[in-house]
Each structure stands twice: as structure tokens, then as C-alpha cells.
Amino acid sequence: MAEGNLFAQRRDAFFQAMSARDPKAVAVISSAPVAIRNNDVEHDYRQDSDFYYLSGFEEPESVLVLQANGRKVTMFVRPRDAEREVWDGARAGVDGAVSAFGASQAFAIGELASKLPGLMEHAERLYYRVGRDRSFDEKVFSALESIRRTKGTRDNCPYEIVDPGSILHEMRLRKSDGEIECMRRAASITKEAHIAAMRAAKPGMFEYELEAILLETFRKRGSPRVAYGSIVGSGPNATTLHYTANTRKMLDGELVLIDAGCEVGFYASDVTRTFPVNGRFSKEQRAIYEIVLAAQLAGIDAVRVGSTNEHIHRAAVEAVTSGLVRIGLLSGSVTELIEKEKYKPFFMHGTAHWLGLDVHDVGRYKSAGAARPLQPGMVTTVEPGIYIAENCTTVAPEWRGIGVRIEDDVLVTEHGPDVLTRGVPKTVDEVESTCLAS
Ligand code: GLY
Ligand code: MN
Ligand code: MN
């Protein structure tokens with residue numbers, strides 16, 4: 001029941017925050033919808049992160065209703081069904097929702113329409129995320145309308161609909177020790193996967209062969225799934241930021257960029273490494289790599305309490321810009337080049353994003369219009385890159401088609417940055433010796 005207590009503690013914290021504005025507030029949070037892949041085949045199911053965070057419940061077609069008044073937890077779930085369970089596996093059912101998941105009461109999902117109005121009335125505020133699932137919106141709106149139209153309850157209909165993210169996403173942004181533990185484990189499996197791919201890569205192999213090695217490591221070490229589609233981009237594909245086809249043959253003398261991570265306990269890792277297919281960086285590849293590495297280390301150094309994501313990005317941009325000036329790909333004053341964003345054709349994305357249950361995790365980056373200060377327990381990526389397109393005519397041909405990104409996951413602590421993904425080879429020497437070890 002240790003797990004159950006964790007989710008109950010989160011619900012308690014959520015209840016407390018809800019009650020502060022309206023002691024009778026109600027929250028309605030639904031599971032992720034099932035997505036059809038083709039014909040009668042579904043995409044692999046993954047629970048919605050908000051729903052999972054508060055319930056620990058992984059089954060689809062489920063709804064969580066939290067009433068601040070009396071801290072009542074109502075769950076709607078798929079009922080037990082011996083015939084369906086033969087096909088799809090066991091269900092917790094209505095009784096299981098109470099006994100194993102801590103609901104105060106539970107009903108079959110088919111009873112949602114008849115029960116929801118009664119659960120929502122009397123609240124001034126309804127916490128519900130409008131627009132995420134249009135067909136579920138319809139159910140909530142119908143329940144609201146039914147309260148408004150019914151004599152005797154119409155005076156008790158919520159006036160305000162508030163995004164539960166205003167509470168929940170702030171909670172999710174600062175990780176507990178247990179959450180950090182999951183993230184360390186995801187990081188450790190991801191480290192092994194990247195090392196295995198570095199060791200295996202050879203000229204003539206296909207990108208998908210490295211993808212297969214990553215997936216094999218993730219699954220063999222117990223991760224249920226990737227945290228996002230793995231990117232294995234060789235040669236010019238490394239300059240396409242969201243390349244996931246992974247179909248190209250990798251050639252001697254090229255770099256390959258792998259951006260891949262897995263989940264543990266629903267928590268993500270997000271790691272990028274770039275390495276030579278043949279194990280040795282060329283002069284130009286190494287020059288670009290060293291600049292990105294310096295930028296990444298400067299970015300990591302900025303992951304400190306009170307600093308901001310903007311500081312992290314600024315540190316990376318300064319290192320990238322001065323590096324590009326040093327090797328002659330940009331010319332002029334570094335300050336001016338930064339002001340005029342001349343680095344952007346080579347480094348066009350941000351440096352940091354929150355990481356947690358979602359790879360691009362929830363939580364605002366700004367507070368009252370200003371970048372929000374980092375606090376202990378937040379986890380951010382640090383991932384600068386330099387991408388020189390194959391058709392970039394502003395640089396000499398030997399630089400073209402080089403793409404490098406280096407990405408780690410970093411926990412903010414009182415004692416400075418804690419790199420959860422440390423140990424994934426990163427210096428030129430570490431990368432080369434890992435690639436050349438078989
Ligand atoms: N893998 C997605 C990202 O780095 O943001
Ligand atoms: Mn990332
Ligand atoms: Mn990534």
C-alpha cells in the first residue's frame with residue numbers, strides 16, 4: 001500500500017490547494033483516450049500523466065472526481081467483465097478502485113452521465129481541463145447543463161471552470177525523492193542504451209539497427225516504453241531536429257546523433273549524444289563537438305537555485321557564438337552577434353525544458369511575465385546543438401552536413417546541478433574510447 005499512500009498524499013495536497021479558494025470545489029480528471037492505430041488495432045496505451053499522478057490507475061475509460069468537501073475521491077472505471085478480461089487482461093473493477101486505489105466510492109464508467117451532475121453541484125469552482133478531449137468535454141458540459149436546468153439544483157452550479165493544471169502542474173514541477181529515484185533509474189537504463197549503441201555502431205549499419213539496440217536495452221532492463229520516439233540521425237540527418245525515420249545507411253566518416261530515452265514508473269529520461277560512426281572525430285566534427293560540449297557544460301553550470309531557464313540558454317548561446325567566431329563560421333563581436341541572433345541558423349532551438357512524467361513536462365517557464373527562478377526538485381534538460389545544413393552555402397563545404405547535440409537531465413539542488421544522466425560518455429576521449437571498445 002506504500003504506492004497507494006503516495007497517490008493519497010498527492011490528492012491530499014491537491015485537496016488542500018483546491019479548498020483554499022472554494023471549500024466545495026470539485027475536480028474532474030479523465031484518463032487518456034484510447035487511440036485507434038488502424039482498423040481494430042489500438043496504439044499502445046499510456047495513461048494521462050495528470051490522471052496517473054493523482055490516481056496511480058493505468059486503465060483507460062476511467063474518471064477521477066475529487067470533491068474538496070470531505071475530501072471525497074470518486075472513481076469511474078471499467079467494470080469487471082470475465083469475457084473481455086480473457087482478451088484484454090484483468091481489470092481492477094469497481095471494488096478494486098476502492099480497495100487498491102483508495103477511492104472513497106467507485107462506479108462503473110457507464111454510470112458517469114447519471115452520477116456526474118450530483119458530484120459537481122454545490123461547487124463554486126470546477127477544476128477541469130477544457131479542450132484536451134473534446135468528446136469528454138461534451139460529457140462535462142452536459143452534466144453542467146443538467147445541473148443548471150434542474151429546478152432545485154440550478155442555484156448550485158459551478159460558476160467558474162479552472163484548469164487543474166494551475167495546481168497540479170506546479171506540484172508536478174517539483175519532484176519528490178521518490179520521483180527523482182524513478183528518474184535516476186530511467187537515466188541509468190538510458191545510459192546503458194547509449195553506450196551499447198556507441199559500441200555497436202559501424203560504417204554500413206543502418207540507423208534502425210542502432211534504434212533496435214536502444215529499444216532492446218530499454219525493454220531488457222525493465223522500462224515499459226520509450227519516453228518519445230527515438231531519433232537516430234546519421235550524416236545530414238543529424239541536422240533535422242525531429243528526424244525519426246531512422247532508415248539511412250550510416251557511412252564511414254559521418255557522425256550519428258542519437259536522442260533517445262525511456263520511462264521508469266512513468267518518468268522520462270531524455271538524452272542526446274553524437275558520435276563518429278567509425279569511432280574517430282574528423283577535425284571539423286571535433287571542432288563543432290567541442291563547442292557544443294563547452295556550451296552544454298556552461299548550461300549545466302547555470303542550473304542553480306535562483307537561476308532561470310533563460311540563464312541556461314544564455315550561457316549556451318554565448319559559448320556557441322564565441323565558438324563559431326573562433327572557428328571562423330561567424331565573424332564580428334560576440335555581443336553583437338548574439339544581439340542580432342546570428343547564431344540562430346546554427347542553433348535554432350531552446351536549451352532547456354522541464355522533464356518529468358512528460359518529456360516536455362508541465363509547469364510554466366514564466367511567472368508574472370518574468371523567467372521563473374529554479375528551485376530545488378525541479379528537473380531540466382540542458383541540450384545545446386549546432387546544426388550545419390547540407391546546403392548551407394555560407395560556410396566552406398567541409399563544415400556542411402555536421403549536426404551535433406549533447407543533452408543531459410539535470411536536477412536542481414541546493415548544492416548545485418546534479419546531472420542525473422552522468423556517466424553517458426561525453427568528452428571527445430570518452431566518446432571515442434567507448435565507440436572503439438567492442
Ligand atoms: N527528445 C526531445 C527533446 O530533446 O526535447
Ligand atoms: Mn529534450
Ligand atoms: Mn532529447
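Now for a description of the structure that goes with this document. (Residues numbered from 1 in each chain as written. Chains lettered and ligands numbered in written order. Predicted model: local features only at pLDDT ≥ 70, side-chain atom pairs only at ≥ 80, totals over all residues. Heavy atoms only, no water.)

As for the overall build of the chain
The helix and strand inventory of the chain stands at 13 helices and 20 strands. Expected size for 438 residues packed as a compact globule is a radius of gyration near 22 Å; at 25 Å, the chain falls within 12% of this value. In terms of overall dimensions, the chain has a C-alpha envelope of 80 × 50 × 40 Å along the principal axes. Looking at the chain residue by residue over its 438 residues, the buried ones come to 53%. Of the contacts formed within the chain by residues at least 6 apart in sequence, a portion of 70% connects residues at least 24 apart. Where the 53 positive side-chain charges of the chain centre and where its 61 negative ones centre are 2 Å apart. (Helix = DSSP H or I, 4+ residues; strand = E, 2+ residues; numbered from the N terminus. Rg over C-alpha atoms; globule rule 2.2 N^0.38 Å. Buried < 20%, exposed > 50% of the residue type's maximum accessible area, 1.4 Å probe, protein only. Contact = heavy atoms within 4.5 Å. Lys, Arg positive; Asp, Glu negative; His and termini not counted. Charge placed at Lys NZ, Arg CZ, Asp CG, Glu CD.)

Structural notes on the sheet that holds strand E19 (residues 408-413)
On the basis of which strands lie adjacent, the open sheet formed by three strands has the order E16-E19-E20 and antiparallel pairing. Lying at the two open borders of the sheet, with one neighbouring strand each, are strand E16 (379-382) and strand E20 (416-419). Averaged over all neighbouring strand pairs, the angle between strand axes comes to 40 degrees, with direction disregarded. Sheet topology note: the E16/E19 ladder contains four bridges and is antiparallel. Pairing of Val379 across the sheet is with Leu411, part of E19. (Pairing = 2+ DSSP bridges. Axes fitted to C-alpha atoms, helices over the stretch in contact; angles between N-to-C directions.)

Details of the side chain of Thr274
Along the chain, the position of Thr274 falls in strand E13 (residues 271-276). Reaching out from Thr274, the side chain makes a polar contact with the backbone oxygen of Arg405 at a distance of 2.8 Å. (Polar contact = N/O pair within 3.5 Å; in protein donor to acceptor, adjacent residues only side chain to side chain.)

Points about the coordination of the manganese ion (ligand 3)
Looking at the manganese ion (ligand 3), one finds its protein donor set to be Asp259 (OD), Asp259 (OD), Asp270 (OD) and Glu407 (OE), positioned 2.0 to 2.4 Å from the metal centre. Taken together, the six donor atoms coordinating the manganese ion (ligand 3) and their angles of 56 to 169 degrees define a geometry best described as irregular. Written as a sequence motif, the donor residues of the manganese ion (ligand 3) are D-x10-D-x136-E. Between the manganese ion (ligand 3) and the manganese ion (ligand 2) the interatomic distance amounts to 3.3 Å, and Asp270 serves as a bridging ligand to the pair. Of this pair, Asp259 sits in strand E10 (residues 255-260) while Glu407 sits in the loop between strand E18 (403-405) and E19, placing them 148 residues apart in sequence. (Donors = N, O, S within 2.8 Å, 3.2 Å for Na, K, Ca; no water. Tetrahedral: all angles 85-135°; square planar, octahedral: opposite > 155°, others 65-115°.)

Points about the nonpolar core
Core analysis: the largest hydrophobic core is formed by 52 residues, its most contacted members being Leu210, Ile258, Phe275, Ile288, Ile386 and Ile388. Once residues within four sequence positions are removed from consideration, Ile288 is found in contact with Ile327, Leu329, Ile386, Ile388, Trp399, Ile402 and Val404. Counting residues in hydrophobic clusters, the runner-up holds 40 residues, among them Ile29, Ala97, Met183 and Ala268. (Core = buried A, V, L, I, M, F, W, Y, C linked by side-chain atoms within 4.5 Å.)

Side note on the packing of aromatic side chains
In the structure shown here, the tally under the stated rule is 10 aromatic pairs. Between the aromatic rings of Phe14 and Tyr127, the centroid separation amounts to 6.3 Å while the plane-to-plane angle is 70 degrees, which identifies the pairing as edge-to-face. With Phe14 in helix H1 (residues 2-21) and Tyr127 in strand E7 (residues 125-127), the pair connects residues that are 113 residues apart, well separated along the chain. Taken together, the ring pairs in this structure connect Phe7, Tyr52 and Phe266 into an aromatic cluster. The positively charged end of Arg10 is found above the aromatic ring belonging to Tyr53, 4.1 Å away from the centroid. (Phe/Tyr/Trp six-rings, centres within 6.5 Å; stacked < 30°, edge-to-face > 60°. Lys NZ or Arg CZ within 6 Å of the ring centre and 35° of its normal.)

Focus: helix H13 (residues 428-436)
The α-helix winds at 3.6 residues per turn, so residues separated by three or four positions along the chain end up facing the same way. Among all positions in H13, only Val428, Val431, Glu432, Thr434 and Cys435 are buried. Down the axis of H13, the buried set is contained in an arc of 165 degrees. They therefore lie on one face. As for H13, its buried residues are in contact with helix H8 (177-200), E13 and helix H10 (283-301). (Arc of directions from axis to C-beta.)

Thoughts on the site of ligand 1
Around ligand 1 sit Tyr228, Asp259, Asp270, His353, His360, Glu383 and Glu407, and those are all the residues in its vicinity. At a separation of 3.1 Å, a nitrogen atom of ligand 1 approaches a polar side-chain atom of Asp270. Within the side chain of His360, an N or O atom sits 2.6 Å from an oxygen atom of ligand 1. In the complex, the protein chains occlude 87% of the 190 Å² of accessible area that ligand 1 would expose alone. By residue class, the composition of the shell around ligand 1 is one nonpolar, two polar and four charged. (Near = heavy atom within 4 Å. Areas by Shrake-Rupley, 256 points an atom, 1.4 Å probe, with all protein chains shown as cover. Nonpolar A, V, L, I, M, F, W, Y, C, P; charged D, E, K, R; others polar.)

Overview of the coordination of the manganese ion (ligand 2)
Expected angles at a metal are 109.5 degrees for tetrahedral coordination by four donors and either 90 or 180 degrees for octahedral coordination by six donors. Of the protein atoms, only Asp270 (OD), His353 (NE2), Glu383 (OE) and Glu407 (OE) coordinate the manganese ion (ligand 2), at distances of 2.0 to 2.2 Å. Taken together, the six donor atoms coordinating the manganese ion (ligand 2) and their angles of 50 to 154 degrees define a geometry best described as irregular. All donors to the manganese ion (ligand 2) come from one chain, and their sequence spacing reads D-x82-H-x29-E-x23-E.

Comments concerning the sheet that holds strand E1 (residues 26-30)
Note: strands within a sheet are paired through backbone hydrogen bonds, in either parallel or antiparallel orientation. As summarised here, the arrangement of the six strands in space is E6-E5-E4-E1-E7-E8, forming an open sheet in which the pairing is mixed. A strand with exactly one partner marks an edge of an open sheet, and here the two such strands are strand E6 (105-108) and strand E8 (160-162). Adjacent strand axes in the sheet meet at a mean angle of 20 degrees, parallel and antiparallel pairs treated alike.

Looking at the environment of Ala389
Here Ala389 shows up in the loop between strand E17 (385-387) and E18. For the pair Ala389 and Ile402, spaced 13 residues apart in the sequence, the C-alpha separation amounts to 7.2 Å.

Thoughts on unusual backbone geometry
Located in the positive-phi region is Asn246, a residue other than glycine, with phi close to 55 degrees. Within the secondary structure layout, Asn246 lies in the loop between strand E9 (231-234) and E10. We classify Asn246 as buried; its relative accessible area is 0%. The backbone phi angle of Glu341 is positive, close to 55 degrees, even though this residue is not glycine.

Regarding a nonpolar patch on the surface
Together, Val130, Phe141 and Ile161 give the surface a local cluster of nonpolar side chains, amounting to about 240 Å² of exposed area. Position of Ile161 among the secondary structure elements: in strand E8. (Patch = residues over 30% accessible without salt bridge, like charges linked within 9 Å, V, L, I, M, F, W, Y side chains within 5 Å. Salt bridge = Lys/Arg side-chain N within 4 Å of Asp/Glu carboxyl O.)

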